[in-house]
Amino acid sequence: MASSDKDLSGLHPTNEPSVQKSDDAHGYYVPGDKIVDPVAPTGPIKDRWTQRKFDNRLVNPANRRKLSVIIVGTGLAGGAAAATLGEAGYQVKSFCYQDSPRRAHSIAAQGGINAAKNYKEDGDSIGRLFYDTVKGGDYRSRESNVYRLAEVSANIIDQCVAQGVPFARDYAGLLDNRSFGGVQVSRTFYARGQTGQQLLIGAYQAMERQVAAGTVEQFTRHEMLELIVADGKARGIVARDLVTGEIETHLADAVVLASGGYGNVFFLSTNAMGSNVTATWRAHRKGAYMANPCYTQIHPTCIPVSGDHQSKLTLMSESLRNDGRIWVPKKKEDCDKDPREIPEEDRDYYLERIYPSFGNLVPRDIASRQAKNMCDEGRGVGPKVGDFRRGVYLDFSDAIARLGEDGIREKYDNLFDMYERITGENPYEVPMRIYPAVHYVMGGLWVDYHLQSNIPGLFVAGEANFSDHGANRLGASALMQGLADGYFVLPNTIRDYLADAPFDKLDESHPAVAEARADVEGRVQKLVSINGTRSADSYHKELGNIMWEYCGMERTEEGLRKAIDMIRELKADFWSNLKVLGTADSLNQSLEKAGRVADFIELGELMCIDALNRRESCGGHFRAESQTEDGEALRHDDEFAYVAAWEWGGENGQPVLHKEDLIYTAIEMKQRSYK
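Residues numbered from 1 in each chain as written. Predicted model: local features only at pLDDT ≥ 70, side-chain atom pairs only at ≥ 80, totals over all residues. Heavy atoms only, no water.

Engineer: How would you explain the sheet that holds strand 18 (residues 432-441) if you had to name every residue and give the values?
Structural biologist: With antiparallel pairing, five strands are arranged side by side in an open sheet as 12-18-17-13-14. Two strands close off the open sheet at either side, each with one partner strand: strand 12 (296-302) and strand 14 (347-348). Running at roughly 65 degrees to strand 12, helix 9 (residues 364-376) makes contact with strand 12, strand 13 (325-329), strand 14, strand 17 (392-395) and strand 18 of the sheet. (Pairing = 2+ DSSP bridges. Helix = DSSP H or I, 4+ residues; strand = E, 2+ residues; numbered from the N terminus. Contact = heavy atoms within 4.5 Å. Axes fitted to C-alpha atoms, helices over the stretch in contact; angles between N-to-C directions.)

Structure, rendered in structure tokens:
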């Protein structure tokens, strides 16, 4: 909807239209009204969540049985939400495109989950976790949301231990902790390199208990293709049965999207190959704001690209940076040598040199950019891919000398085995080679403090929303946010919305329902009928190359303008020359990919427009034109201390930019330093 149309959101426009300055993105978007979070709490920050839980209205148990909620996604956020809402007595429909909820991508998380327990007595606290997270996000997150996350973090660990999650324990039998980037305390709970898997099994078991109890109904191998908005409220979804090809309509009193992030817009990423943006993008096209889409996290600890044949990348846990030391040769001519033959005095432990206070545990965005800088200088290691060696060493020789090989094996065994299976190199004997890769996205659908989007009745949890991480996510905070949203936040906020029930009953004859279904059927038929010459994968790969080259680790005005033009040309070619094999009414993975790539192309354009508009560097968004003398990210708080909430501008229109000012009362905004 245009900014002058009826507001679906219940947001509070400030009646201060944004003044369009002469900027990089001039001509690419339309300025809209400023917005504020209508349910943002006030008062002392320590009391805000407690007071809000009390103020939110209740739904009595008998009425809960009459109310239905659709949850899209079965990862930590979606699975935890389904289990908790089902336990509370609501009727829940749970959807995932995988063949089992246990295959949600949360299972791939490795290193750990943060919580302010202070088990190590090293100075940790809720306030310290709050501060580290806001600072790590480069002061581009909401302070109320982040404090709530820190506050409920301890509850998550208690919940998961009660479920039987096998966290690592020390010799005395107490839960163990380790450190992650951007902090100087040990607050990360872990289960070797399988933390995501173990946490997901806990959420899955809790959800399956509710399936058996009859409060949760599962729909596997179903992909959401449209959001149903009736009378201004989210009331259901249109989904495709990926096995039979049948288009189905599902209605409810509220919809929760917990469908993960959109890192696969870059084609090569650490995400599962099926991870996509379709659920949130279809909601965006229905009026939900997409916030800060340009904020992409590049993870510094991934196995390097080995050639053009690859379809995804493999993450090596950030926890490895606790004991591994990162270095490159000081001399370019040493890059061909066996690293064991390079003497200590000829090694550049560049993170320890540049950031002596944090060393190898600097945040991910900083570690990634410095690895790129070393390789750009010609000091990268490993085989050449194209014209560059894209790799730096992650060396455990000192740690093995200190702890013994058995000590390292106890902490990282499965990670070392995985590295050896993929590379054919034994990391106990030869240093690992790592390089940055796309991993997580901080952007997502805009939500208020209750996790409700600007479309009433549409709630968004986990990585699918933008709310907690600002411009950069600290390691081990994704699992924390997913479980916090699913177990503790959403169940306490969605009830305030559902307290207005009963809502008008809908059936498939309602015009909004019929229109949404017809739109999906028309789109599917269009994709299979183009009958061109190129596969969806070929378009995806081309889009990924554009995004990585011009909207990746470093962005420039010239590059972003070029990328927007290239993406628009790619989109036109896609809709005229796509080839989808098979038919629409059966199992058809070619059709699945085509729909996802179409949404990625539109998202990619918006990401570039957002990056072009944000003429500053902050966290994972690095504009080459905005950096300090020593190459660090340089923010411009006077111009860009806001959330960029983008409204769909129509098929041939321009997106509308709404700004939500970021106001800090409990923390001081200042330039980040990890030196």
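Engineer: I'd like a rundown of the domain arrangement of the protein chain, residues and numbers included.
Structural biologist: Buried accessible area, meaning the area lost when the parts come together, often serves as the stated size of an interface. When its domains are assigned, the protein chain resolves into domain 1 (30-262 + 289-297 + 441-498), domain 2 (299-439) and domain 3 (511-641). Computed over C-alpha atoms only, the centres of domain 1 and domain 3 are separated by 25 Å. Taken together, the contacts link 31 residues of domain 1 with 37 residues of domain 3. Viewed at the interface, domain 3 and domain 1 are joined by four salt bridges. Among the ionic pairs, Asp138 bridges to Arg635, the shortest N-O distance being 2.8 Å. In this structure, the connection of domain 1 to domain 3 is made through 16 residue pairs in polar contact (both at pLDDT 80 or more). Mapped by element, the contributors of at least two residues to the side of domain 1 that touches domain 3 are strand 7 (222-230), strand 8 (233-241) and strand 9 (247-251). If one sorts the elements of the side of domain 1 that touches domain 3 by residue count, strand 7 sits on top with seven residues. A per-class count over the side of domain 1 that touches domain 3 returns 18 nonpolar, six polar and seven charged. (Domains from an automatic or database assignment. Salt bridge = Lys/Arg side-chain N within 4 Å of Asp/Glu carboxyl O. Polar contact = N/O pair within 3.5 Å; in protein donor to acceptor, adjacent residues only side chain to side chain. Nonpolar A, V, L, I, M, F, W, Y, C, P; charged D, E, K, R; others polar.)

Engineer: Outline the packing of helix 13 (residues 536-551) against helix 14 (residues 557-577), supporting the account with residue identities and numerical values.
Structural biologist: As a packed pair, helix 13 and helix 14 sit with axes 10 Å apart at the nearest point and diverge in direction by 175 degrees. When the axes of helix 13 and helix 14 are compared, the pair comes out roughly antiparallel. Residue-level inspection shows Tyr539, Glu542, Leu543, Ile546, Met547, Tyr550 and Cys551 of helix 13 in contact with helix 14, the latter providing Gly559, Leu560, Lys562, Ala563, Met566, Ile567, Leu570, Asp573, Phe574 and Asn577. Across the contact of helix 13 with helix 14, the residue classes tally to 12 nonpolar, two polar and three charged. (Parallel < 35°, antiparallel > 145°, perpendicular 65-115°, else oblique.)

Engineer: Go over the nonpolar core with me, naming the residues and quoting the values.
Structural biologist: In terms of nonpolar packing, the biggest core is built from 187 residues, with Ile113, Phe396 and Leu498 touching the most fellow members. Among the elements that make up this core, the one with the highest residue count is helix 15 (residues 589-613) (13 residues). Contacts of Ile113, omitting those with residues within four sequence positions, involve Ile156, Ile157, Phe167, Arg187, Thr188, Phe189, Thr195, Leu199, Ala476, Leu479, Met480 and Leu483. Ranked by size, the runner-up nonpolar core spans five residues in total, among them Trp327, Ile342, Tyr349 and Val381. (Core = buried A, V, L, I, M, F, W, Y, C linked by side-chain atoms within 4.5 Å. Buried < 20%, exposed > 50% of the residue type's maximum accessible area, 1.4 Å probe, protein only.)

Engineer: Describe the sheet that holds strand 21 (residues 642-647), naming the residues involved and giving the relevant values.
Structural biologist: Here five strands make up an open sheet; going across it, the order is 1-22-21-11-19 and the pairing mixed. Taken across any chain shown, the strands that pair with only one partner, and hence form the sheet edges, are strand 1 (30-31) and strand 19 (444-445). In the packing of helix 15 onto the sheet, the strands contacted are strand 11 (290-291), strand 21 and strand 22 (656-661), and the crossing angle to strand 21 comes to about 145 degrees.

Engineer: Which residues make up the packing of aromatic side chains, and what values go with them?
Structural biologist: In the structure shown here, the tally under the stated rule is 21 aromatic pairs. With centroids separated by 6.3 Å and ring planes inclined at 50 degrees, the aromatic side chains of Trp327 and Tyr349 adopt a geometry described as tilted. In this pair, Trp327 is assigned in strand 13 and Tyr349 in the loop between strand 14 and helix 8 (350-354), connecting sequence segments 22 residues apart. Like Trp327, the residue Tyr349 is buried in the burial classification. Taken together, the aromatic side chains of Phe396, Tyr412, Phe416 and Tyr428 make up a single cluster linked through ring pairs. (Phe/Tyr/Trp six-rings, centres within 6.5 Å; stacked < 30°, edge-to-face > 60°.)

Engineer: An account of unusual backbone geometry is requested, with residue identities and associated values reported.
Structural biologist: Cis geometry marks the peptide bond from Ala501 to Pro502, where omega comes out at 5 degrees. Mapped onto the elements of the fold, Pro502 is located in the loop between helix 11 (478-498) and helix 12 (511-529). A positive phi is found at Asn118, a non-glycine position, where the angle reads about 55 degrees. At Asn292, a residue that is not glycine, the phi angle is positive and equals roughly 50 degrees. Secondary-structure assignment places Asn292 in the loop between strand 11 and strand 12.

Engineer: How would you explain the environment of Asn426 if you had to name every residue and give the values?
Structural biologist: Within the element layout of this structure, Asn426 appears in the loop between helix 10 (397-423) and strand 18. Between the alpha carbons of Asn426 and Phe416 there is a distance of 7.8 Å; along the sequence they are 10 residues apart. Here the side chain of Asn426 touches Tyr428 through a polar contact of 2.9 Å, landing on its backbone nitrogen.

Engineer: Report on the environment of Leu458, specifying residues and quantitative values.
Structural biologist: Within the secondary structure layout, Leu458 lies in strand 20 (residues 458-460). It is 6.2 Å that separates the C-alpha atoms of Leu458 and Ala254, two residues lying 204 residues apart in sequence. Not counting chain neighbours up to four residues away, the residues in contact with Leu458 comprise Leu227, Ala234, Val255, Leu257, Ala283, Ala288, Leu451, Gln452 and Ser453.

Engineer: An account of the pattern of salt bridges is requested, with residue identities and associated values reported.
Structural biologist: If you walk through the whole model with that rule in mind, you get 60 salt bridges. Here Glu318 ties to Arg321 by a salt bridge, and the two come within 3.2 Å at their closest N and O atoms. Assessed through its relative accessible area of 1%, Glu318 is described here as buried. For Arg321, a relative accessible area of 2% corresponds to the buried category. The salt bridge partner of Glu521 is Arg517, with a shortest N-O separation of 3.1 Å. Here Glu521 and its partner Arg517 are both found in helix 12, four residues apart, which amounts to about one turn of the helix. Judged by relative accessible area, which is 24%, Arg517 ranks as partly exposed. Within this structure, Asp138, Arg140, Asp365, Arg369, Arg614, Glu616, Arg635, Asp637 and Arg672 form a network of salt bridges that share partners.

Engineer: Summarise the confidence of the model for the protein chain; cite the residues concerned and give the values.
Structural biologist: For the protein chain, the average pLDDT comes to 94, and 96% of its residues sit at 70 or higher. Taken as a whole, residues 1-10 scores under 50 in pLDDT and shows 21 contacts with residues more than four places along the chain or in a different chain. Scored below 50 in pLDDT, residues 12-22 makes 19 contacts in the model with residues more than four places away or belonging to other chains. (pLDDT = per-residue confidence, 0-100.)

Engineer: Quick one: what's the story with the side chain of Arg523, residue by residue and with numbers?
Structural biologist: Relative to the helices and strands, Arg523 is located in helix 12. Accessibility expressed as a relative area gives 19% for Arg523, which makes it buried. Every residue in contact with Arg523, bar those within four places of it in the chain, is listed here: Arg282, Trp575, Gly595, Ala598 and Asp599.

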